[in-house]
Protein chains: 2
Amino acid sequence: MRVLVTGATGFLGRHITTAFLEAGHSVVGVGQQPKHKASISAGVDYYQHNLLVSDSTSQKANVEIFDGLKIDTLVHLAWNVRPRYWTSLENLDWLVAGITLYKSAIASGVRRIVGAGTCAEYEWSCDFLSPAVTPLTPSSLYGKAKNSLREVLESASQISETSFAWGRIFFPYGPFESPERLVPSVINSLLCNKPALCSHGRQERDFMFASDVARAFVVVAESDFQGALNIASGQCTSVREVVNTLVDLVGGTAEFGAVTTHRNEPPRLAADVSQLLALGFKPKTTLQKGLQDSVDWWKPGDLSST
Amino acid sequence: MRVLVTGATGFLGRHITTAFLEAGHSVVGVGQQPKHKASISAGVDYYQHNLLVSDSTSQKANVEIFDGLKIDTLVHLAWNVRPRYWTSLENLDWLVAGITLYKSAIASGVRRIVGAGTCAEYEWSCDFLSPAVTPLTPSSLYGKAKNSLREVLESASQISETSFAWGRIFFPYGPFESPERLVPSVINSLLCNKPALCSHGRQERDFMFASDVARAFVVVAESDFQGALNIASGQCTSVREVVNTLVDLVGGTAEFGAVTTHRNEPPRLAADVSQLLALGFKPKTTLQKGLQDSVDWWKPGDLSST
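Residues numbered from 1 in each chain as written. Chains lettered and ligands numbered in written order. Predicted model: local features only at pLDDT ≥ 70, side-chain atom pairs only at ≥ 80, totals over all residues.

## Topic: the interface of chain B and chain A
At the junction of the two partners, chain B supplies 21 residues and chain A supplies 21 residues. Elements supplying a minimum of two residues to the side of chain B that touches chain A: α3 (90-107) and α4 (141-160) of chain B. Here the side of chain B that touches chain A takes 10 residues from α4(B), the largest share from any one element. (Contact = placed C-beta atoms within 7 Å. Helix = DSSP H or I, 4+ residues; strand = E, 2+ residues; numbered from the N terminus.)

Written out as structure tokens, the structure reads:
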């Protein structure tokens, strides 16, 4: 396959571009950073391109990339996931950018499109989230914008006879993760010999190591699966267990209850992964191993070897 | 109020601009036609502006209109409703245009936004469509794109503290309607002394005369109602009754069953109008009177008086 990955320099984009390369595919990456600043696998053919600018020049650039580089598969990850992205009005811009990119892709005859969705598209008063049965009534603008993008692109793909899949990502963690997220913030507190300040920690979530998320996207893209499916490990673990494992690995202490949780924080968000397993995917990385790799990644290196 | 109405030269746009004028408001109309071709009430301050072009020049034009004309209320009607609009990929462009317009509106401090939705946003296997209880699982790309626009703008409005209402229009009819739609096509067949070829005609729909739709939009815009509500008459009538009334008014015959219905054609789509009634709105035009007015509008006029 000749794959274009948007958001290529983001947390999951780096893992996903690498996973496509490792699976033997030809990979074009698109990101906002200039080429000399974009940290990405050497085998990726990288282009700087701001998808948020939807003027005619930018749309022409989209088409030039798809046509000129003979892309057959689009993996669309790009989205704002900076702090406070749940309620940012920038979600509107990413919805527009996704539609604009999609139109360029189908105009260029792209054969298959795989989009990155989120478990935030589901109704979170349910504790088992399944594409087959769980209502799609997201509470956040982030979830609504992602769900809207999926809804209109899935329908448009049926009309334009384009193959379309949508992977709803749950709780990924691993190298390149933003430092304000759960796993890095706990690791960095512990590495600085500070107590890790946590919520009550009883929330259960489906954590998945980033390289497993990436391999799942490769499996989905290579398959002819159409529609929405969950990208998750199938294992639901409490935040407390994750934090305690990190304390075991790094040392130090955690203070549960030091941080208040949002009043609507759901106690459990488990994922139905039957569709992903049916495609032959198996997660490779245990929680223990994934957290160990995350700790190793954040540990200050030996400067002489960098 | 100083109201900007998009889609001002469309079927409902003409009625809605007129109704706002009649209610004493100052009305700016925007449409795609050049000014000398735009058929619209003389009191409307009309601007030609293509909302589908979302480049930076066009976005600047949006802001100039909102800022320069001191708009406080946006009534957004513009959408592709030409034949085959249910499955047109142009629905994606109108979703993008709606978001782009919205961003310009809130950037200019517009106080209140009222959008035109559709009964096609609802699950049509239900026969009583209510914002309070009916699932929003539209089957068409048209319904999905409209529902997506409402979903993200309603959420963004809560975040940006903008007043937002969304009127789901059912089955409007009346002067300026497109000739391929039910009421005009039956009238025109009968006026040409041809039999009106119809489906079985047992489907029940909420038909609402266009000037009542228009007054409903004025009532909603003037109120502080927020969220989605139905714009409908509250009366569900069979297609057969509408056609038979037209036959009584014009003469001629109807052939029921001459046209096959779509296999998923719902037998009944009644509207919950409790929210609209609670705002003090009452429909003025009976079906008999509305159909008579429609017939009169389509009848070839005395050329000397035009």
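## Re the pairing of strand β10 (residues 204-209) of chain B
Residues and elements named next belong to chain B. Taking burial as the measure, the six residues of β10 include five buried ones, the bulk of the element. With three bridges connecting them, strand β8 (residues 171-173) and β10 associate as parallel partners. For Y173, the partnering residue across the bridge sits in β10 and is F209. Note: β10 against strand β12 (residues 236-238), three bridges, orientation antiparallel. Among the inter-strand pairings, R205 is bridged to a residue of β12, identified as T237. (Buried ≥ 20, exposed ≤ 12 C-beta atoms within 10 Å, placed from the backbone. Pairing = 2+ DSSP bridges.)

## Points about the sheet that holds strand β13 (residues 237-238) of chain A
Judged by pairing direction, the sheet is mixed, and its four strands sit side by side in the order β6-β15-β10-β13 (chain A) without closing on themselves. Unpaired on one side and paired on the other, β6 (128-129) and β13 of chain A mark the two borders of the sheet.

## Some points on the relation of the copies chain B and chain A
Rotating chain B by 180° and translating it 0.0 Å along the rotation axis places it on chain A, where the RMSD comes to 0.0 Å. The superposition operator between the copies reduces to a two-fold rotation axis. Of the interface residues in chain B, 100% have counterparts in chain A that sit at the interface too, so the contact is made through matching surfaces. (Least-squares fit on C-alpha atoms with pLDDT ≥ 70 in both.)

## Topic: the sheet that holds strand β4 (residues 73-76) of chain B
Residues and elements named next belong to chain B. With respect to topology, seven strands assemble into an open sheet ordered β3-β2-β1-β4-β5-β7-β11, the strand pairing being parallel. For this open sheet the edge positions go to β3 (45-48) and β11 (227-231), each flanked by a neighbour on one side alone. Across the sheet, the mean angle separating the axes of adjacent strands is 20° when strand polarity is ignored. Across five bridges, the pairing between strand β1 (residues 2-6) and strand β2 (residues 26-31) is parallel. Bridging across to β2, R2 finds its partner in S26. In the packing of α3 onto the sheet, the strands contacted are β1, β4 and β5 (112-118), and the crossing angle to β4 comes to about 175°. Along the sheet, helix α6 (residues 210-222) makes contact with β1, β4, β5, β7 (163-169) and β11, crossing β7 at roughly 160°. (Axes fitted to C-alpha atoms, helices over the stretch in contact; angles between N-to-C directions.)

## Overview of the domain arrangement of chain A
Residue and element names in this part refer to chain A. We note that the domain assignment places domain 1 (2-172 + 207-231) and domain 2 (175-206 + 235-268 + 285-300) within chain A. Computed from C-alpha coordinates alone, the two centres of domain 1 and domain 2 are separated by 27 Å. Across the boundary between the two partners, domain 1 contributes 14 residues, which contact 15 residues of domain 2. Secondary structure elements with two or more residues in the side of domain 1 that touches domain 2: α1 (11-22), β11 (207-209) and α6 (210-222). Here the residues of the side of domain 1 that touches domain 2 are counted per class, giving nine nonpolar, two polar and three charged. (Domains from an automatic or database assignment. Nonpolar A, V, L, I, M, F, W, Y, C, P; charged D, E, K, R; others polar.)

## Side note on helix α2 (residues 56-68) of chain A
The terminal C-alpha atoms of α2(A) lie 17 Å apart, and with 13 residues this matches the ideal 18 Å at 1.5 Å per residue to within 8%. At the exit of α2(A) stands K70(A), carrying a positive phi of roughly 50°. (Expected span 1.5 Å × (residues − 1).)

## Points about the packing of helix α5 (residues 182-191) of chain A against helix α7 (residues 239-250) of chain A
A pair of packed helices can be characterised by two numbers: the angle between their axes and the separation between those axes. All names here are of chain A. Contact geometry for α5 and α7: axes closest at 10 Å, N-to-C directions at 35°. Note on packing geometry: the crossing formed by α5 with α7 is right-handed. Residue-level inspection shows L182, V183, V186, I187, L190 and L191 of α5 in contact with α7, the latter providing V239, V242, V243, L246, V247 and V250. Here the residues of the contact of α5 with α7 are counted per class, giving 12 nonpolar, no polar and no charged. (Left-handed = near helix turned anticlockwise from the far one by under 90°.)

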